[in-house]
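Summary of the model geometry
Here is how the chains run, residue by residue.
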Amino acid sequence: MGNRDLEREGGTKSRNGTYPPPTANYVENSGLQWTSWLVPMIVVTNVAMFIVIMFVNNCPSNINNFGRGRQCVARFLGKLSFQPLQDNPLFEPSSSTLEKLGALEWDKVVNEHQGWRLFTCIWLHAGVVHLLANMLSLVFIGIRLEQQFGFFRVGIIYLLSGIGGIVLSCLFIQHSISVGAFGALFGLLVAMLSELLTNWTIYTNKAAALFTLIIIIAINLAVGLLPHVDNYAHIGGFMSGFLLGFVLLLRPQFGWLERQHLPAEARLKSKFKVYQYVLLLIASILLIVGFTVGLVMLFRGVKANEHCSWCRYLSCLRTSRWRCENN
């Protein structure tokens, strides 16, 4: 996304015939722009959690288990040093440490009834590279959304999209652990798309914004076809965030905020348009049904990949250059 505001690329218009740049002027007209504190707090929490993970990992204490020639990376950090690069190039803790601190693992969720892992795994990261990629994406996407819609709605989208991605991932992948907030981040990104669609009539240059968002989302889904990338989490976050955007990111139709300055016969009678209410209702039903069915299937131990032979191609596209171990 970078620092571009997709919805500000357009003309201006006011009451005498031109619309304002959609997002910025809408907030200006309402007299309210939220201060972003939740997204920075999430970043700080994730960084702090990663430091705790590395402290618990304590690479130097396991040096005798690495085998000949293997050493901790950045040994000057002491207990915070990283696992040998031969194990993983992401500057990461061990898999056993992640599992101990709450990584997602199908067997523990289903057979040992540790449902809390659906929440905790969102706050864990597989290494410094993984952490930086997630947090930079969160800053670029999340701060703008929080300024426009407030911490409560953005927080709900982040958490529910993260859990939605994890649930779908757990239904299809049973033989490896999973950590990270890619589902939550993808949910925020896709919520921008549904926000644009449900508030379509108040925006200008919306075709360009729609095209740009679709390209960015498509690229992220395509990256998920590479091995070792959990595209099920992307897809689960996509579906959750897309529906949540229709429920939580509605804007009043143009002219609603200025209605008190208009004569009674010229005032709008409804805050939202009919199609916005219809989309909200459909999205709410799909969310409730989707989360209910997904969680019931998960805790009943259903292995979705046994009932959908072609679904494996959604997460990893097998080629002559790489193998898809989880598929």
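Structural data are supplied above this passage.
Quick summary incoming for the structure in this document. Chains are numbered independently. Their residues run from 1 in the order of the written sequence. A pLDDT threshold of at least 70 governs which residues receive local features in this predicted model, and a stricter bar of 80 or more applies before side-chain atom pairs are shown or counted, although totals over entire chains, interfaces and linings include all residues. Computation of side-chain values: all heavy atoms of the structure, hydrogens and water removed.

Before going further, it helps to examine the pattern of salt bridges. Side-chain pairing between opposite charges can occur once the charged atoms of the two side chains come close. A carboxyl oxygen of Asp or Glu within 4 Å of a side-chain nitrogen of Lys or Arg is what we treat as a salt bridge. Throughout the structure, instances matching the rule amount to three salt bridges. Here Lys108 makes a salt bridge to Glu99, at a shortest N to O gap of 3.7 Å. Residue classification places Glu99 among the partly exposed residues on the basis of a relative accessible area of 27%. Put simply, Glu195 and Arg251 hold a salt bridge, and the shortest N to O gap is 3.0 Å. Separated by 56 residues along the polypeptide, Glu195 in helix α8 (residues 182-198) and Arg251 in the loop between α10 (231-248) and α11 (274-299) bring together distant segments of the chain. In this pair, the class of Glu195 matches that of Arg251, namely buried. Taken together, the shared-partner salt bridges in this structure form one network comprising Glu99, Lys108 and Glu112. Buried, partly exposed and exposed residues are distinguished by accessible area as a fraction of the type maximum, computed with a 1.4 Å probe on protein chains only: under 20%, between the cut-offs, and over 50%, respectively. Only DSSP runs of H or I covering at least 4 residues are called helices, and only runs of E covering at least 2 are called strands; the numbering of each starts at the N terminus.

Expected span, for any helix, means 1.5 Å times one less than how many residues it has. Compared with an ideal rise of 1.5 Å per residue, which puts 18 residues at 26 Å, helix α9 (residues 206-223) spans 26 Å between its outermost C-alpha atoms and is within 8% of the ideal. Those residues of α9 that sit buried are Ala209, Thr212, Leu213, Ile216 and Ile217. Projected down its long axis, α9 carries its buried residues within an arc of 125°, all on one side. Away from the buried face of α9 by more than 90 degrees, exposed residues Ala207 and Phe211 are located. Residue contacts are defined here by distance: any two heavy atoms, one from each residue, within 4.5 Å place the two residues in contact. Lining the buried residues of α9 we find α8 and α10. Each direction from the helix axis to a C-beta atom contributes to the arc, which is the arc of those directions.

When two rings of Phe, Tyr or Trp (its six-membered ring) have centres within 6.5 Å they constitute a pair, described as stacked for plane angles under 30 degrees, edge-to-face for angles over 60, and tilted for the intermediate range. Under the definition given, this model contains nine aromatic pairs. With a centroid separation of 6.0 Å and an interplanar angle of 55°, the aromatic rings of Phe119 and Trp123 are classed as tilted. On the basis of relative accessible area, Trp123 is assigned to the buried category, the value being 17%. What links up through ring pairs into an aromatic cluster is the set Phe186, Phe238, Phe242 and Phe246.

Attention now goes to unusual backbone geometry. Unlike most non-glycine residues, Ala74 shows phi in positive territory, near 55°. With respect to the helices and strands, Ala74 occurs in the loop between α2 (38-57) and α3 (95-101). A positive phi is found at His113, a non-glycine position, where the angle reads about 55°. Looking at the element boundaries, His113 is found in the loop between α4 (106-110) and α5 (117-120).

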